[in-house]
Amino acid sequence: MLDGKTFFFIGAGNICESMIKGLLSAGIVRPGEVRVANRSNQDRLTFLRNYYGIVPVQDKKAVASQSDVIIFAMKPQDVFTALSELTGSIGKNQLIISVLAGVPTALIEEGLSCEAAVVRAMPNTSCAVLESATGISGGRYATPDKLAMAEEIFRLMGEVVVLEENLLDAVTGLSGSGPAYIYYLVEAMEKAGEAAGIPRELARPLVLKTLLGATKMLLETGEQPEVLRQQVTSPNGTTMAGINELNKGNFQPVIRKAILRATQRSKELGKVIVERQVVTSN
Ligand SMILES: NC(=O)C1=CN([C@@H]2O[C@H](COP(=O)(O)OP(=O)(O)OC[C@H]3O[C@@H](n4cnc5c(N)ncnc54)[C@H](O)[C@@H]3O)[C@@H](O)[C@H]2O)C=CC1
Ligand SMILES: O=C(O)[C@@H]1CCC=N1
């Protein structure tokens, strides 16, 4: 389905690079089949060309009209400029993937005004190591084959779930932003290890292996996290003492608040963008 397909990234930032790494390491595309445009930072394009062999793009319209998969990877607030730059250059036979937080497919469909097959996706930067958690949802004109193509692209870069678009803000808050929560936890555990006397260079492998081991236990045993947690928690032992401190700090309510707030932020981003579209179209 993807053999020989050409990819055009509009936006050359963090998620773009993560996806380029993933696409290339999964063998989905060859470097010469990956085109990338940026707003103005040409040094960034030069770096991506020199490091990955991708093709930097200046003429977005021309390249968009010739690309099979066009990936919107700019910030949500920059979507209007990108849409205006592409007017008239995209047709129904192309797949448009938008990874923009909060931005509804309907807005992109209206901006392209060609019944474009738009799939909204929320991956994360773990695309780079083919371990992304991605949610996707097809827009009004996304035919089953186009949705299947988007699903295959993200399945080759990790786990993908197809769901209703109204859940993508929650996916953004949960797994789109999710890696950052984990990195934040690792930072805290390493610092705590240091406070307990473990040098940082030794704390790092201990923390990462603990994380990886717990993930593999969840994946390979199929047990509920509560069950696995109880297996670690000896009565009146060290783990219970630690969990009690986490409970004093409202650990689970705070995690819930963080994910629901990030979800709300995604909704806010989308609302602002849609309101701008209404204003500019009147
Ligand atoms: N960073 C992440 O982990 C994830 C980000 N996203 C979404 O991806 C989008 C980009 O996020 P990041 O990569 O983190 O941002 P970033 O700021 O690193 O990259 C955005 C890039 O888009 C470029 N750009 C802006 N307007 C443009 C235009 N009209 N034409 C071409 N390029 C243009 C900017 O110059 C910049 O290089 C956002 O909408 C974000 O919500 C989605 C999933 C994960
Ligand atoms: O922080 C953000 O807005 C983007 C969307 C999901 C991850 N990063």
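Here the structure is a predicted model, which is why all the values come from computation and not from measurement.

(A) How the structure looks around helix α9 (residues 200–221). Relative to the 32 Å expected for 22 residues at 1.5 Å per residue, α9 spans 31 Å between its end C-alpha atoms, a close match to the ideal helical length. Backbone geometry just downstream of α9 places Gly-222 in the positive-phi region, at approximately 70°.

(B) Focus on the environment of Gly-213. With respect to the element layout, Gly-213 can be found in helix α9. The class for Gly-213 is partly exposed, based on a relative accessible area of 30%. Sequence separation of Gly-213 and Pro-225 is twelve residues, and the distance between their C-alpha atoms is 13 Å.

(C) Region of the structure containing the pairing of strand β4 (residues 69–72). Across the two faces of β4 the burial is the same, with Val-69 and Ile-71 and Ile-70 and Phe-72 all buried. Looking at chain direction, β4 and strand β5 (residues 95–98) are connected through four bridges and run parallel. What sits directly across from Ile-70, in β5, is Ile-96. With helix α4 (residues 79–86) bridging β4 and the parallel β5, this β-α-β connection has right-handed handedness.

(D) Representation of the UniProt feature "binding site: NADP(+)" (unreviewed entry) in the protein chain. When the UniProt feature table is mapped to this numbering, "binding site: NADP(+)" (unreviewed entry) covers Ala-73, Met-74, Lys-75 and Pro-76. Residue position: Ala-73 is located in the loop between β4 and α4. Each residue touching Ala-73, except ones within four places of it in the same chain, is listed here: Ile-10, Gly-11, Ile-15, Cys-16, Val-99 and Leu-100. Here Pro-76 shows up in the loop between β4 and α4. On the basis of relative accessibility, which here comes to 12%, the residue Pro-76 falls in the buried class.

(E) View of the site of ligand 1. In the region of ligand 1, 24 residues are neighbours, and Ile-15, Asn-38, Lys-60, Met-74 and Lys-75 sit closest. Take Met-74: an N or O atom from its main chain is 2.7 Å from an oxygen atom of ligand 1. Separating an oxygen atom of ligand 1 from a side-chain N or O atom of Lys-75 is a distance of 2.4 Å. For ligand 1, whose accessible area on its own is 830 Å², the fraction buried by protein is 84%. Counting only elements with at least two residues in the shell around ligand 1, the list comes to α1 (14–25) and α4. Examining the composition of the shell around ligand 1, we find that three residues originate from one element, α4, more than from any other. Tallied by class, the residues present in the shell around ligand 1 amount to 13 nonpolar, six polar and five charged.

(F) Focus on the packing of aromatic side chains. If you walk through the whole model with that rule in mind, you get three aromatic pairs. A ring pair is formed by Phe-47 and Tyr-51, whose centres lie 5.4 Å apart and whose planes are at 25°; its orientation type is stacked. On the criterion of helical spacing, the pair formed by Phe-47 and Tyr-51 is a turn pair, its members being four residues apart in helix α2 (residues 42–52). Residue class for Phe-47 comes out partly exposed when judged on its relative accessible area of 37%. Among the aromatic side chains, those forming a connected cluster through ring pairs are Phe-47, Tyr-51 and Tyr-52.

(G) Seen up close, the sheet that holds strand β8 (residues 158–162). Pairing is mixed across the open sheet formed by eight strands, whose spatial order is β3-β2-β1-β4-β5-β6-β7-β8. Edge positions in the open sheet fall to β3 (55–56) and β8, since each of these has one partner strand only. Of the pairings in the sheet, the one linking strand β1 (residues 7–10) to strand β2 (residues 34–37) comprises four bridges and is parallel in character. Across the sheet, the residue bridging to Ile-10 is Ala-37, located in β2. Its contacts with the sheet put α4 on β1 and β4, and the angle it makes with β4 is roughly 150°.

What counts and what doesn't
Residues numbered from 1 in each chain as written. Chains lettered and ligands numbered in written order. Predicted model: local features only at pLDDT ≥ 70, side-chain atom pairs only at ≥ 80, totals over all residues. Heavy atoms only, no water. Helix = DSSP H or I, 4+ residues; strand = E, 2+ residues; numbered from the N terminus. Expected span 1.5 Å × (residues − 1). Buried < 20%, exposed > 50% of the residue type's maximum accessible area, 1.4 Å probe, protein only. Pairing = 2+ DSSP bridges. Right-handed = clockwise from strand over helix to strand, strands pointing away. UniProt positions renumbered as here; feature names shortened; annotations may be inferred. Contact = heavy atoms within 4.5 Å. Near = heavy atom within 4 Å. Polar contact = N/O pair within 3.5 Å; in protein donor to acceptor, adjacent residues only side chain to side chain. Areas by Shrake-Rupley, 256 points an atom, 1.4 Å probe, with all protein chains shown as cover. Nonpolar A, V, L, I, M, F, W, Y, C, P; charged D, E, K, R; others polar. Phe/Tyr/Trp six-rings, centres within 6.5 Å; stacked < 30°, edge-to-face > 60°. Axes fitted to C-alpha atoms, helices over the stretch in contact; angles between N-to-C directions.

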